[in-house]
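Breakdown of the fold
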Amino acid sequence: MDQKTNTLTILTYPEPFLKQLTLPVRNIDGTLQVLIDNMAETMYAAPGVGLAAPQVGVGQSFLVYDIAVDRDHRDLRVLINPRIVERSGEVISENEGCLSVPDFRADVKRASQILVEAVDRDGNPLRFEAEGMHAIVLQHEMDHLSGTLFIDHISALKRQLYKRRVMKEIKHR
Ligand code: NI
């Protein structure tokens, strides 16, 4: 079936919804599949490498990402109810950014290797190790599912500066 996809509105900081905990997905149904397709479309259009459900106002635990270097060959991955069961090592994610935190980048400390368990969009259980860029993207996106933004990992001073800038922009809109 050729389904029409739509791009969704991405919520941005300081939208309170981004701070909420998500609920586990209970049913992988048609509604969820449409949402997943629309989220993927939104991510590619942005463009971004990952998008978590809360970023489009959905309070459920799932995310989409694509870390393919060649953007002409999409490699969409979907994780439902993902969790990190093991983490090891440490790496500095340089210039991390987020579609929900526009015009800001910062270095973030992340685990260099993670072991992830999740379910794919067909309901098949997944268990895999990720490292490097893959691990960083997954830690970032999974943080969204528990109401955490990458700016929550930086110094309070830097976060305050960003917040002040955003508030000023909102006032001048
Ligand atoms: Ni993000």
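Preceding block: the structure.
The notes below deal with the structure included here. (Residues numbered from 1 in each chain as written. Predicted model: local features only at pLDDT ≥ 70, side-chain atom pairs only at ≥ 80, totals over all residues. Heavy atoms only, no water.)

Observations regarding the coordination of the nickel ion
Protein coordination at the nickel ion: the donors are C98 (SG), H140 (NE2) and H144 (NE2), at 2.1 to 2.2 Å from the metal. Read in sequence order, the donor residues coordinating the nickel ion give the pattern C-x41-H-x3-H. On the criterion of helical spacing, the pair formed by H140 and H144 is a turn pair, its members being 4 residues apart in helix α2 (residues 132-145). Given the relative accessible area of 6%, H140 is considered buried. The buried category is assigned to H144, whose relative accessible area is 1%. (Donors = N, O, S within 2.8 Å, 3.2 Å for Na, K, Ca; no water. Helix = DSSP H or I, 4+ residues; strand = E, 2+ residues; numbered from the N terminus. Buried < 20%, exposed > 50% of the residue type's maximum accessible area, 1.4 Å probe, protein only.)

Here's the deal with unusual backbone geometry
Cis peptide bonds are those with omega within 30 degrees of zero, and the linkage from Y13 to P14 qualifies with 5°. For the bond running from A46 to P47, omega is -10°, close enough to zero to count as cis. The topology assignment puts P47 in the loop between α1 (30-45) and β1 (50-52). For D103, which is not glycine, the phi torsion reads 55° and is therefore positive. Mapped onto the fold, D103 is located in strand β5 (residues 101-110).

Section: the nonpolar core
Across soluble globular proteins, you tend to see nonpolar side chains buried next to one another. If you look at the biggest cluster of nonpolar residues, it comprises 16 residues, and the most contacted ones within it are I36, M39, F62, V64 and I80. Elements represented by at least two residues in this core include exactly α1, β2 (62-65) and β3 (77-88). In terms of residue count, the dominant contributor to this core is α1 (7 residues). Counting residues in hydrophobic clusters, the runner-up holds 15 residues, among them V116, A130, A135 and L138. (Core = buried A, V, L, I, M, F, W, Y, C linked by side-chain atoms within 4.5 Å.)

A look at the sheet that holds strand β7 (residues 125-131)
Pairing within the open sheet is antiparallel, and its 5 strands lie in the order β1-β2-β3-β6-β7. Across the chains shown, the open sheet's two edge strands, defined by having one partner strand only, are β1 and β7. On average, adjacent strands in this sheet sit at an angle of 40° to one another, irrespective of strand direction. Pairing between β2 and β3: 4 bridges, direction antiparallel. By the bridge assignment for β3, V64 is matched with V78. In this fold α1 packs onto β1, β2 and β3, with an angle of close to 40° to the strand it touches most, β2. Sheet strands touched by α2: β1, β2, β3, β6 (113-119) and β7. Its angle to β7, the strand with the most contacts, is close to 120°. (Pairing = 2+ DSSP bridges. Axes fitted to C-alpha atoms, helices over the stretch in contact; angles between N-to-C directions. Contact = heavy atoms within 4.5 Å.)

Focus: the packing of aromatic side chains
Scanning the entire structure with this criterion turns up 3 aromatic pairs. Through pairs of rings, three or more aromatic residues link up here, namely Y13, F104, F150 and Y162. The side chain of R74 reaches across the aromatic face of Y44, ending 3.7 Å from its centre. (Phe/Tyr/Trp six-rings, centres within 6.5 Å; stacked < 30°, edge-to-face > 60°. Lys NZ or Arg CZ within 6 Å of the ring centre and 35° of its normal.)

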